[in-house]
Amino acid sequence: LLLAFARAVDADLPGGSGRGHPDDGFVFFEQPFHVPDPLELREELAFALDDVLSTRILPRLPRPAVVNLIRSPGYVPTKYLSELECRVLDALSDVYG
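Right, let's walk through the structure included here. (Residues numbered from 1 in each chain as written. Predicted model: local features only at pLDDT ≥ 70, side-chain atom pairs only at ≥ 80, totals over all residues. Heavy atoms only, no water.)

**As for the overall build of the protein chain**
When helices and strands are tallied, the protein chain shows 4 helices and 0 strands. Across the protein chain, helices and strands are ordered from the amino to the carboxyl terminus as α-α-α-α. Expressed as a percentage of the 97 residues in the protein chain, the buried residues total 19%. A separation of at least 24 residues holds for 62% of the contacts in the protein chain among residues at least 6 apart in sequence. Entry remark: accessible area of the protein chain is about 6800 Å², with carbon and sulfur atoms responsible for 61%. (Helix = DSSP H or I, 4+ residues; strand = E, 2+ residues; numbered from the N terminus. Buried < 20%, exposed > 50% of the residue type's maximum accessible area, 1.4 Å probe, protein only. Contact = heavy atoms within 4.5 Å. Areas by Shrake-Rupley, 256 points an atom, 1.4 Å probe, with all protein chains shown as cover.)

Shown next, in the form of structure tokens:
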């Protein structure tokens, strides 16, 4: 159901195909058990943050007044928290300045 919803959202976005990412089935069903190696993480972040968030979602939203990031060490391996936070902040900065 979640995968179908994600594909419907993707199809509704300008430039969206409705096909999603080739690994969608695995990404949705493996988490939080999927722990990528560093190269996989960079590729997944590039897709999620650069291809989807920065390109398709954030430009359609008003500029936020406040951004609150919450650490989730139970969901994201601790060794990746800092990189994930920095990438999210970079994506926000790239779009909103």
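On we go from here.
**A few points about the environment of A91**
Of note, A91 is situated in helix 4 (residues 78-96). Judged by its relative accessible area of 1%, A91 is buried. In this structure the C-alpha to C-alpha distance between A91 and L53, which are 38 residues apart in sequence, comes to 7.7 Å. The contacts of A91, once residues within four sequence positions are left out, are L49, S54 and L58.

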